[in-house]
Amino acid sequence: MQEQSAILEQGAIIGIVGGGQLGKMLALSALQLGFKVAIYCPDPDSPAFDVTPLKFIADYDDEKKLTEFASLVDIITYEFENLPTQSLKFLEKTKPVAPSSRILEIAQDRLKEKLFLASNDIAVAQYMKVETLSDLENAIKEITLPIVLKTTRMGYDGKGQRIIKTTQQIEQAFNELKGSTLIAEKFISFEREISIIVARTRRGQVRDYDASENIHENHILKTSTVPANIDNITRKRASRIAHEIIGSLDYIGVLGIEFFVVPNEPYAKLIVNEIAPRVHNSGHFTQAVCLTNQFEQHIRAIANWPLGDPTRLANVTMENLIGDEIIDAHKDLQSGTRPDFYGKKQVREGRKMGHLNHISFLSE
Ligand code: AMP
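Here's a quick rundown of the structure.

Criteria and thresholds
- Residues numbered from 1 in each chain as written.
- Predicted model: local features only at pLDDT ≥ 70, side-chain atom pairs only at ≥ 80, totals over all residues.
- Heavy atoms only, no water.
- Pairing = 2+ DSSP bridges.
- Helix = DSSP H or I, 4+ residues; strand = E, 2+ residues; numbered from the N terminus.
- Axes fitted to C-alpha atoms, helices over the stretch in contact; angles between N-to-C directions.
- Contact = heavy atoms within 4.5 Å.
- Near = heavy atom within 4 Å.
- Polar contact = N/O pair within 3.5 Å; in protein donor to acceptor, adjacent residues only side chain to side chain.
- Areas by Shrake-Rupley, 256 points an atom, 1.4 Å probe, with all protein chains shown as cover.
- Parallel < 35°, antiparallel > 145°, perpendicular 65-115°, else oblique.
- Left-handed = near helix turned anticlockwise from the far one by under 90°.
- Nonpolar A, V, L, I, M, F, W, Y, C, P; charged D, E, K, R; others polar.
- Salt bridge = Lys/Arg side-chain N within 4 Å of Asp/Glu carboxyl O.
- Buried < 20%, exposed > 50% of the residue type's maximum accessible area, 1.4 Å probe, protein only.

## Topic: the sheet that holds strand β5 (residues 127-130)
Pairing is antiparallel in the open sheet, where four strands are placed in the order β5-β8-β6-β7. Of all the strands in the sheet, just β5 and β7 (161-164) have a single pairing partner and so form its edges. Sheet twist, expressed as the average angle between the axes of neighbouring strands with direction ignored, equals 20°. Both strand β6 (residues 147-151) and β7 contribute to a ladder of four bridges, which runs antiparallel. Residue pairing in the sheet places Ile147 in a bridge with Ile164 of β7. Strand contacts of helix α6 (residues 133-143): β5, β6, β7 and β8 (182-186), with the helix running at about 170° to β5, the strand carrying the most contacts. Across the face of the sheet, helix α7 (residues 170-177) comes into contact with β5, β6, β7 and β8 while running at roughly 170° to β7.

So, in structure tokens, the structure goes:
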């Protein structure tokens, strides 16, 4: 295992588990800093395979392939959270993994995540565990409608979620999601959604980026705008909460934290919706307008290098290109728009295919 103070030298091999666009952008930053990169992913068409010859194409629970991967690389990170924690634990026996499997275990289970946050005095939506229909009925008595019913695991982009507004909707929502442990959460009437991207090194250095304001369409992130339309006190409080969370997790790497902003007197209330133990879609704006982008920051953090300056030089809106929005996106690029196209072979409805950063300069 790596010492607290160990620094990853240039030329070392960083292993990335997961081969999506986040893996590709992480790999590009790692290469830029003089590292080599190996990608582990079951899908041979994964975009991250485009940027390195060191490819491991196998299922996440293939111990033989995991062993080969771990013996080649110097440190391991991952780019999405729906991985078996067992696989990370297996890898951890041979090489350092950052963020650790303990973090992944918390972040991939909504109940563990809420419990962790609440026990650290971070505000979360009122919630209850649901296994049976009568658990759900009891939860609704306690929390009161409307509620959001979610699977505790494997949910993303609104998958595995139902909003229950009336008693008539209870049974159907339960029947659609039953089969795994569920969580009933109070539906929060938020004014806006924001997120903070924060990074921490093995030595405990922490830097965060300006909050972005996020708009979802069909449960998928559509735009992130920076600066978010929040007052300075809310901004500072969100930043302080991000520092508290990353410190109490003893986290290494970049962490995404999503908040609901709820109107309240005298200041807005901040409720943490979710934490993502990786670089985050709402942090893609950093590529276009920050001195150090979130991908480089993650690589520096896991390598135990000094973190880069997160200062933002311009205002920006990041726009996700979803499904067939990618097809003609290169034909009408405006000056001041910076494209990132992921090179995915198949266009599918709801699939994130690329993003645009629309930059507006601070003086405009
Ligand atoms: P999640 O998968 O938990 O990030 O939820 C996806 C989106 O659903 C969030 O970004 C919100 O827009 C909405 N949502 C999730 N939980 C709640 C809640 N408790 N109250 C209101 N909206 C929610």
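Further notes follow.
## Looking at the site of the ligand
Residues in contact with the ligand amount to 15 residues; listed here are only the nearest, Arg110, Lys150, Gln161, Ile188 and Glu193. For the ligand, a nitrogen atom lies 3.0 Å from a polar atom in the side chain of Glu185. Contacts to the ligand include Glu258, whose side-chain N or O atom sits 3.4 Å from an oxygen atom. Against a free-state accessible area of 480 Å², the protein chains account for coverage of 91% of the ligand.

## Focus: the packing of α6 against α7
Where α6 meets α7, the closest approach of the two axes is 10 Å, and the angle between their N-to-C directions is 130°. Put simply, α6 runs oblique to α7. Crossing hand, α6 versus α7: right-handed. In this structure, α6 uses Leu133, Leu136 and Ile140 to contact α7, whose residues at the interface are Ile170, Glu171 and Phe174. A class-by-class count of the residues in the contact of α6 with α7 yields five nonpolar, no polar and one charged.

## Focus: the packing of helix α2 (residues 63-72) against helix α3 (residues 85-92)
Two quantities define a packed helix pair, namely the angle between the axes and the distance from one axis to the other. Direction vectors running N to C along α2 and α3 enclose 45°, while the axes themselves pass 10 Å from each other. In terms of axis orientation, α2 runs oblique to α3. As for the relative orientation of α2 and α3, their crossing is right-handed in sense. Contact with α2, carried on its side by Glu63, Leu66, Thr67, Phe69 and Ala70, involves Ser87, Phe90 and Leu91 of α3 and no other residues of that element. Classifying every residue of the contact of α2 with α3 gives five nonpolar, two polar and one charged.

## A few points about the pattern of salt bridges
Counted according to the given criterion, the structure contains 19 salt bridges. A salt bridge links Arg200 to Asp250, with the shortest nitrogen-to-oxygen separation between them at 3.2 Å. Of this pair, Arg200 sits in strand β9 (residues 192-200) while Asp250 sits in the loop between α8 (232-248) and β13 (253-262), and the two are 50 residues apart along the sequence. Of the residues examined, Arg200 reaches a relative accessible area of 11% and is grouped as buried. As a salt-bridge pair, Glu319 and Lys222 come within 4.0 Å of each other at their nearest N and O atoms.

## Remarks on unusual backbone geometry
With glycine set apart, most residues show a phi of negative sign, and most peptide bonds adopt trans. In this chain, Leu145 is followed by Pro146 through a cis amide linkage whose omega measures -5°. For Pro146, the position within the fold is in the loop between α6 and β6. For the bond from Val226 to Pro227, the omega torsion is 10°, close enough to zero to count as cis. Its location among the elements puts Pro227 in the loop between β12 (220-226) and α8. Positive phi values are uncommon outside glycine, yet Asp250 reaches one of about 50°. The exposure class of Asp250 is partly exposed, given its relative accessible area of 47%.

## Side note on the sheet that holds strand β1 (residues 13-17)
Sheets are built from strands paired through backbone hydrogen bonds, the pairs being either parallel or antiparallel. Strands sit in the order β3-β2-β1-β4 across an open sheet of four strands; the sheet is parallel. Here the strands that pair on one side only, and so sit at the sheet edges, are β3 (54-56) and β4 (75-78). Within the sheet, the average angular offset between the axes of one strand and its neighbour, ignoring direction, is 25°. Where β1 meets β4, four bridges bridge the pair, whose relative direction is parallel. From the neighbouring strand, Gly15 faces β4, where its bridge partner is Ile76. Packing of helix α1 (residues 21-32) onto the sheet brings it into contact with β1 and β2 (36-40), and relative to β2 it is tilted by some 165°.

## What about the pairing of β8?
With four of five residues buried, β8 lies mostly within the body of the structure. Of the pairings in the sheet, the one linking β5 to β8 comprises four bridges and is antiparallel in character. Bridge pairing in β8 links Met128 to Ala184. Alignment of β6 against β8, held across five bridges, turns out to be antiparallel. When the sheet's bridge partners are listed, Lys150 is paired in β8 with Ile183.

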